[in-house]
Every structure is written in C-alpha cells, then in structure tokens.
Amino acid sequence: MTNKIMVIDKEWAYIAKELQVRGYDAVSATSEEALEDAIICRPDLIVLGTDYKLCECLKDKTDIPIVMLADKLNKEGILKALKLGCIDLLEGTESSVLNKIITHLRLSNIETITKQLYKLIN
C-alpha cells in the first residue's frame, strides 16, 4: 500500500524529503496551491502548518486526515486546531514528528483495510 503524504508548510517542507528517503510518496505544497493539489492528489495524510483558514477549507472540501505542526501553538491555538478537525498536533524533534506521521499512516492503513473488509462481508 503506497502512502501519499502532503506537507503544507514552508518551514517543514524538508519533512517531505525525509519521508521520501524512507520510501513514502511525499510532496510539499504551498498554502496557495494546497487545496487544489489535495483534491487532485488525494493524499492519505496532510501535514499542515498553523494555517487555520486552510485547515477549515481542507476539512470542508475533503475527508483527508490532517495533523497540524504545533510547535508554535499556545493552548487556544491547540483547541482551535482540534475544533477544526485536526486528528493530532505534532511537536518535538524532527525524529519524533516523523515517527508520529508514520504512525498516523499506519493507522490510516488499518482503517482502510477494515473498511474494505467490512464491505466484503456485508
């Protein structure tokens, strides 16, 4: 199962390159092109910087899980991100952020397989 990840944040664009090194289909996008790219590309996971407006647009137009990079968020920002529908907030070292992204991809795979199995038996 190929996992597609879209990283939408200039400061964290290098995360897409690191995920590519680890064998994932990862791309980086700017905020301006992200909504259209997400609809066309249909990534399995979006890694988003602290762009609440874009987060809201992505959640309104897609069902793609979003994790937000929370290293700069205060308590109110964290609550806002969760209310907008982010499934997790990522902070910490590059290694811990990468590991959390990979964990979310694995969970997404399990959910996809479960849905496929459910369709088969019903």
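Residues numbered from 1 in each chain as written. Predicted model: local features only at pLDDT ≥ 70, side-chain atom pairs only at ≥ 80, totals over all residues. Heavy atoms only, no water.

Visitor: Just to check I follow, could you spell out the pairing of strand S2 (residues 25-28) for this structure?
Guide: With four bridges connecting them, strand S1 (residues 4-8) and S2 associate as parallel partners. Following the sheet pairing, Lys4 is matched in S2 by Asp25. In this fold, the crossover linking S1 to S2 by way of helix H1 (residues 14-21) has right-handed handedness. (Pairing = 2+ DSSP bridges. Helix = DSSP H or I, 4+ residues; strand = E, 2+ residues; numbered from the N terminus. Right-handed = clockwise from strand over helix to strand, strands pointing away.)

Visitor: Looking at this structure, how should I read the side chain of His104?
Guide: Here His104 shows up in helix H5 (residues 94-121). Taking the relative accessible area as the measure of exposure, His104 reaches 14% and is therefore buried. If near-sequence neighbours (up to four positions away) are discounted, His104 is found in contact with Leu45, Val67, Ile87 and Asp88. (Buried < 20%, exposed > 50% of the residue type's maximum accessible area, 1.4 Å probe, protein only. Contact = heavy atoms within 4.5 Å.)

Visitor: It is not clear to me how a nonpolar patch on the surface should be interpreted in this structure. Could you clarify?
Guide: Together, Ile113, Leu117, Tyr118, Leu120 and Ile121 line one region of the surface with nonpolar side chains, adding up to about 600 Å² of accessible area. Tracing the sequence through the fold places Leu120 in helix H5. Judged by its relative accessible area of 69%, Leu120 falls in the exposed class. (Patch = residues over 30% accessible without salt bridge, like charges linked within 9 Å, V, L, I, M, F, W, Y side chains within 5 Å. Areas by Shrake-Rupley, 256 points an atom, 1.4 Å probe, with all protein chains shown as cover. Salt bridge = Lys/Arg side-chain N within 4 Å of Asp/Glu carboxyl O.)

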